[in-house]
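Structural description and commentary
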Amino acid sequence: MKEQLGLLIELQTLDRKRQDQKGVLDQLPEKIAAAEVPLIEARAASEATQEELDLLDKERREKELDLKVIEEKIRKLKMRLTDLKTNKEYHAHLQEIASVNKEKENIEDLLLNGMEESDQLKLALSENEATLKEEEKAFLVHQEDLKAQTDTLMDSDKKLEAEWLSVSAALPADLLDTYKRICAKRKGMAVVAVNGKTCTGCNFSLPPQLIAEVKKRKKIHTCNYCNRMLYTPETPSTESQVSAKD
Ligand SMILES: [Zn+2]
């Protein structure tokens, strides 16, 4: 029994280690996703600036066309000046030319503003792209690191599993089943120490007779309250006490 209890404790230690590692492993995809957020944001910022720039470029081309149309209109209006007969017609025509000229100036102003805006956006875009490159680099480093952590944890888990199988092979099948059943019900703690008069699994006080039986280690005893398997820690003093009593 003493040996079986030892094996069960060993098994439980392995199970808990594997559980802890699984907890870390389960969080890694989330960590990778979190590490990617600045990269995604930088990429979006770059794309948004590029889109603004494209739109501005499209507007510029449209305005340049408008300008050509207006310039042609002015040219034709000026050509007609010589055909005019009366002073009234002449003044009206000059007014029309002035109005179209005003329109032309407006377009030229808009083009100028557009060029300034475009220069600013180009500057912002180059900054965005520099940030994007930095974020790409940082993410790669992060990703590699998390991948390495994943590999290490998975390797370690394989080793622990192999160890678990070799330890469990030395235990009777029914005892192993009992262990697994209690583990599942009691948060992975199937074997717990008795501390003084207390079960360390549920913290309830155990009857003295039960504690005495546990100390004898002739049979595996379970806690009356939480049903976990009990053992007394193997310290030299308790060992000598057990043998002295025996
Ligand atoms: Zn208990």
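For the structure itself, consult the block above.
For the structure given in this document, a descriptive report is provided here. Remember, it's a predicted structure, so these values are computed and weren't measured experimentally.

Describing unusual backbone geometry
Non-glycine residue Asn-203 carries a positive phi angle of around 70°. Following the sequence through the fold, Asn-203 ends up in the loop between strand E2 (198–199) and helix H4 (208–216). With 10 C-beta atoms packed within 10 Å, Asn-203 lands in the exposed category. Unusually for a residue other than glycine, Arg-217 sits at a positive phi of about 60°. With respect to the secondary-structure elements, Arg-217 resides in the loop between H4 and strand E3 (229–231).

Comments concerning the environment of Arg-18
For Arg-18, the position within the fold is in helix H1 (residues 2–80). A C-alpha to C-alpha distance of 9.8 Å links Arg-18 and Met-154, two positions 136 residues apart in sequence. Excluding residues within four positions of it along the chain, Arg-18 makes contact with Asp-157 and Leu-160.

With respect to the pairing of strand E1 (residues 191–195)
Relative to E3, E1 runs parallel, the two being bridged by three bridges. Among the inter-strand pairings, Val-191 is bridged to a residue of E3, identified as Met-229. Joining the antiparallel neighbours E1 and E2 is a turn of two residues, in which Gly-196 adopts a positive phi near 65°.

Some words on the nonpolar core
Nonpolar side chains in soluble globular proteins tend to end up buried together. Counting residues in each nonpolar core, the largest one holds 17 residues, and the members touching the most others are Leu-8, Tyr-179, Ala-190, Val-191, Cys-199, Met-229 and Leu-230. When residues of this core are traced back to their parent elements, those giving at least two are H1, helix H3 (173–185), E1 and E3. Ignoring anything within four residues of it in the chain, the contact list for Cys-199 reads Val-192, Val-194, Phe-204, Leu-206, Cys-223, Tyr-225, Cys-226, Arg-228 and Leu-230.

What to know about the environment of Lys-17
Note that Lys-17 resides in helix H1. Overall, the presence of 15 C-beta atoms within 10 Å leaves Lys-17 in the partly exposed class. For the pair Lys-17 and Asp-157, spaced 140 residues apart in the sequence, the C-alpha separation amounts to 8.6 Å.

Reading the values: the criteria
- Residues numbered from 1 in each chain as written.
- Predicted model: local features only at pLDDT ≥ 70, side-chain atom pairs only at ≥ 80, totals over all residues.
- Helix = DSSP H or I, 4+ residues; strand = E, 2+ residues; numbered from the N terminus.
- Buried ≥ 20, exposed ≤ 12 C-beta atoms within 10 Å, placed from the backbone.
- Contact = placed C-beta atoms within 7 Å.
- Pairing = 2+ DSSP bridges.
- Core = buried A, V, L, I, M, F, W, Y, C linked by C-beta atoms within 7 Å.

Just distances and angles here, no functional claims.
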